[in-house]
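# Summary of the model geometry
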Amino acid sequence: VQLQASGGGLVQAGDSLRLSCAASGRTFSSYTMGWFRQAPGKEREFVAVISWNGGSTFYSDSVKGRFTISRDNAKNTVHLQMNSLKPEDTAVYYCAARDRLNSDYDMILAYDYWGQGTLVTVSS
């Protein structure tokens with residue numbers, strides 16, 4: 001599967017932004033989809049994950065309550081709605097896909113496919 005992330009941009013603290021990840025391939029609906037981010041000078045970190053049917057979602061503590069992950073299998077798309085953005089949310093955001101949702105959902109190596117990333121900059 002090929003992934004294409006979009007929707008990044010420059011916003012102010014407190015604003016909202018919605019990221020999208022478009023996937024190619026007829027098997028998108030079978031994949032667990034995740035979002036990760038990498039801030040300048042830092043390691044890539046887990047943000048959120050959603051199971052193949054949207055029935056299960058998990059978030060990092062830093063975004064819980066502010067970000068929402070969702071998917072539309074009919075459109076081969078996964079979204080990340082980001083509200084109440086903070087300067088520390090500034091990062092390149094990546095979408096990723098894996099076969100199934102397991103307990104290692106927050107681990108980079110658990111994902112098989114990655115998009116190219118989209119930059120989110122939050123000014124104070």
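Check the entry above for the structure.
## Here we look at the sheet that holds strand E3 (residues 17-23)
Pairing is antiparallel across the open sheet formed by 4 strands, whose spatial order is E1-E3-E8-E7. Two strands lie at the open edges of the sheet, namely strand E1 (3-6) and strand E7 (67-72), each paired on one side alone. Taken over all neighbouring pairs, the strand axes of this sheet differ in orientation by 15 degrees on average, direction set aside. Of the strand pairs in this sheet, E3 and strand E8 (residues 77-82) are connected by 6 bridges, and their pairing is antiparallel. Following the sheet pairing, Leu19 is matched in E8 by Leu80.

## Side note on the packing of aromatic side chains
Summed over the entire model, instances satisfying the criterion amount to 7 aromatic pairs. Ring geometry for Phe36 versus Phe46: centroids 5.7 Å apart, planes at 75 degrees, classification edge-to-face. Taken together, the residues span a long stretch of sequence, with Phe36 in strand E4 (residues 32-38) and Phe46 in strand E5 (residues 45-50) at a distance of 10 residues. Here Phe36 and Phe46 have matching classes, each one buried.

## Observations regarding the pattern of salt bridges
Oppositely charged side chains may form a pair once their charged atoms are brought near each other. By the definition in use, this model includes 5 salt bridges. For Lys64, the salt bridge identified is with Asp61, shortest N-O distance 3.3 Å. Per residue, the accessibility class of Lys64 equals that of Asp61, and both read exposed. The salt bridge involving Arg98 is made with Asp104; its shortest N-O contact spans 2.9 Å. Residue classification places Arg98 among the buried positions, given a relative accessible area of 5%.

## Re the state of the cysteines
Evaluated as defined, the whole model comprises 1 disulfide. Cys21 shares a disulfide with Cys95; S-S distance 2.1 Å. One quick way to see it: the torsion about the S-S bond of Cys21 and Cys95 is about 60 degrees, and its sign makes the bridge right-handed. Remark: Cys95 occurs in strand E9 (residues 91-98) and Cys21 occurs in strand E3; sequence separation between them is 74 residues. A residue is classified by how much of its surface remains accessible, and Cys21, at 0% relative accessible area, is buried.

Conventions we followed
- Each chain has its residues counted from 1, following the order in which its sequence is written.
- Local features are withheld for residues below a pLDDT of 70 in this predicted model, meaning they are given only at 70 or higher, and side-chain atom pairs are given and counted only at 80 or more; totals for whole chains, interfaces and linings count all residues.
- Just so you know, side-chain values use all the structure's heavy atoms and leave hydrogens and water out.
- If DSSP finds at least two bridges between two strands, the strands pair.
- For the purposes of this entry, the term helix denotes a DSSP run of H or I that reaches at least four residues, the term strand denotes a run of E that reaches at least two, and both are numbered from the N terminus.
- Only the stretch in contact is used when fitting a helix axis, every axis being a line fitted to C-alpha atoms; angles between N-to-C directions are given from 0 to 180 degrees.
- A pair of Phe, Tyr and Trp rings is counted when the ring centres sit within 6.5 Å of each other, with Trp represented by its six-membered ring. The angle between the planes then sorts it: under 30 degrees is stacked, over 60 is edge-to-face, the rest tilted.
- Per-residue accessibility, obtained with a 1.4 Å probe over protein chains only, is compared with the maximum for each type, and a residue is labelled buried under 20%, exposed over 50%, and partly exposed between these values.
- Any Lys or Arg side-chain nitrogen located within 4 Å of an Asp or Glu carboxyl oxygen qualifies as a salt bridge.
- Put simply, a disulfide is two cysteine sulfurs that come within 2.5 Å.

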